[in-house]
Amino acid sequence: MAAINPGKNPEEVVSQLRNTFNSGRTKPVEYRIQQLKELHRLLDENSSEIWQAMKQDLGKSKQEAFVLEIDFMRFEIQRYLQNLSDWVKPEKVPRDLLNMMDKAYIIREPYGVALIIGAWNYPIQVVLGPMIGAIAAGNCVLIKPSELSPATAKILEDLLPKYLDSDAYKVFNGGIPETSELLKQRFDYIFYTGSSAVGKIVHAAAAKYLTPTTLELGGKSPVYLDSSANIEVAARRILWGKVVNSGQTCIAPDYVMCTKQVEEKFLSASRKVLKEFFGENPQASPDYARIVNERHFDRIQGLLEKCTVAIGGDSDRKDKYISPTILTGVSPENRVMQEEIFGPVLPIINVDNAYEAIAVINKMEKPLAMYLFSENQKIIDEILTNTSAGGVCINDTILHASPFTLPFGGVGNSGMGAYHGKSTFETFSHRKSVLHKDMGALGEKLGSIRYPPYSDRKLNL
Ligand code: NAD
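Quick caveat: nothing in here was measured; it's all calculated off a predicted structure.

### Remarks on the overall build of the chain
Secondary structure assignment for the chain yields 15 helices and 18 strands. Relative to the compact-globule value of 23 Å for 461 residues, the chain shows a C-alpha radius of gyration of 25 Å, a close match. Across the 461 residues that make up the chain, the buried fraction comes to 55%. Long-range pairs, those at least 24 residues apart, make up 73% of the contacts in the chain between residues at least 6 apart in sequence. Side-chain charges in the chain split into 53 positive and 54 negative, and the spacing between the mean points of these groups amounts to 5 Å.

What follows is the structure in structure tokens.
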């Protein structure tokens, strides 16, 4: 059951947060740093309970829960603590001749009250990741975790007020009706993670108040597997990207494109790799997650129709288990190619070369991620130049989301805006340009050409 908010009125909650923001309490950098330290302490002291909540929601293994969620957030906070004092400093910018006596700089100011709406698949990362940047930038924050990961939503609601300033940071739990009510309120920033369909609803709601928005959405992230690649290494890296969290990862490789010859080698390597990962029976492995609910289980099963199952294809609805599955004989017209799979199913489309792969990619919506496995730089350059994607990882999957210095986000249907590392701080900061004019005689002389009476001499200066 989703945790609902007894007695919580969205209007009142937002108004409390706005009062706190207007008091200026969240602005001093020392306060932001102290709150980030508290968030770190929350993760330190409750990591095991948080993992248990994710295990309850998704069957997440300990390693995935720590590496991809809890520790990922801890490292993010640590790097914020190392850098924030520098990032908040006014940024001096070059001046031109007319402004040589003046000061020109950019101040990062908080927007105000930020709403963060999360998805269920990485229920800690997609909520706390943006929140770290929002706190660091000096905003008040309301987080709305997904109701489809209710245990994690509940633990966030219970823990956050014990560590953070609850006048400035709040959790609002609930499903579609509650989120719809929230979206009627006026926020100063909205950060949404979830499907493209709901992203459009969020964007439309934000338009009412011209609220700036980041949309972290999904899509079908393609893989091009070239004959020049080491197929065994590629199989291990592609399959890891596909089976982690049972394929319920926004940047999971969605489908593979390769020649028929490469497909044969890939299938044989995949059989070996899957055995290495999970033994004979992935259902018995503690490392293999489950599908979030029956609705998604049925949806994924429905995608298999009219395809040949080359590997896997086993399932158990009661256990919400679908084995790692590879499909062959797939064409772009098949149902499995019409929507983001978001499950452990990997279709292979045969193409004769990279140009055909480019044509397939360009017929679809712009993906969140694109994966190229090749040792041929010409082919890599050709695909990079002639396609568009939120981000690209060459010769691996998923890992482009981890460097602190790489912004993470989509393009077109896969989203707008980006975060991770310093980008999250930038996302939640308004860049306020300041020109501080000199009032001395020289400054006034330099600026005097703007005053009437106008003349050709002034115009030609
Ligand atoms: P979801 O169903 O949990 O929805 C996300 C959020 O939107 C939830 O908090 C939910 O309450 C809210 N919501 C759902 N329907 C709504 C409506 N009609 N009106 C208002 N709010 C509503 O998650 P999902 O959408 O199933 O998430 C899966 C999608 O998220 C996939 O497409 C995946 O690729 C994408 N995703 C993207 C990222 C990223 O970083 N780009 C990360 C994780 C997931």
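### A short note on the site of the ligand
Every one of the 27 residues lining the ligand counts as a neighbour, but Gly 118, Ser 146, Glu 147, Leu 217 and Glu 340 are closest to it. One nitrogen or oxygen atom from the side chain of Trp 120 is found 3.2 Å from an oxygen atom belonging to the ligand. Contacts to the ligand include Lys 144, whose side-chain N or O atom sits 2.8 Å from an oxygen atom. Class assignment for the residues of the shell around the ligand results in 15 nonpolar, eight polar and four charged.

### Description of the UniProt feature "domain: Aldehyde dehydrogenase" (unreviewed entry) in the chain
Residues given the UniProt feature "domain: Aldehyde dehydrogenase" (unreviewed entry) here are residues 12-434. The annotated region residues 12-434 carries 43% helix and 19% strand content, and the separation between its end C-alpha atoms amounts to 34 Å.

### Quick look at the pattern of salt bridges
For the structure on display, the rule yields 28 salt bridges. Linking Glu 276 and Arg 236 is a salt bridge whose minimum nitrogen-to-oxygen distance equals 3.3 Å. With Glu 276 in helix α9 (residues 260-278) and Arg 236 in helix α8 (residues 231-243), the pair connects residues that are 40 residues apart, well separated along the chain. Relative accessible area serves as the criterion here: at 43%, Glu 276 is assigned to the partly exposed category. By sharing partners, the salt bridges in this structure join Glu 91, Arg 108, Lys 422 and Glu 426 into a single network.

### Here we look at the sheet that holds strand β2 (residues 103-110)
Strand order in the open sheet made by the three strands is β1-β2-β18, with antiparallel pairing throughout. In this open sheet, the two strands that pair with only one neighbour each are β1 (91-92) and β18 (429-436).

### Quick look at the environment of Ala 197
Within the secondary structure, Ala 197 sits in helix α7 (residues 196-207). A residue is classified by how much of its surface remains accessible, and Ala 197, at 53% relative accessible area, is exposed.

### A word on the pairing of strand β13 (residues 325-330)
Along any regular strand, the residues point their side chains to alternate faces of the sheet. Within β13, five of the six residues are buried, which leaves it mostly tucked inside the rest of the structure. In this structure, strand β10 (residues 308-311) lies alongside β13, joined through three bridges in antiparallel fashion. Each residue of the ladder has a partner; that of Ile 311, found in β13, is Ile 326. Where β13 and strand β14 (residues 345-350) come together, four bridges link them in parallel fashion. Bridging across to β14, Ile 326 finds its partner in Leu 346.

Calculation rules
- Residues numbered from 1 in each chain as written.
- Predicted model: local features only at pLDDT ≥ 70, side-chain atom pairs only at ≥ 80, totals over all residues.
- Heavy atoms only, no water.
- Helix = DSSP H or I, 4+ residues; strand = E, 2+ residues; numbered from the N terminus.
- Rg over C-alpha atoms; globule rule 2.2 N^0.38 Å.
- Buried < 20%, exposed > 50% of the residue type's maximum accessible area, 1.4 Å probe, protein only.
- Contact = heavy atoms within 4.5 Å.
- Lys, Arg positive; Asp, Glu negative; His and termini not counted.
- Charge placed at Lys NZ, Arg CZ, Asp CG, Glu CD.
- Near = heavy atom within 4 Å.
- Polar contact = N/O pair within 3.5 Å; in protein donor to acceptor, adjacent residues only side chain to side chain.
- Nonpolar A, V, L, I, M, F, W, Y, C, P; charged D, E, K, R; others polar.
- UniProt positions renumbered as here; feature names shortened; annotations may be inferred.
- Salt bridge = Lys/Arg side-chain N within 4 Å of Asp/Glu carboxyl O.
- Pairing = 2+ DSSP bridges.

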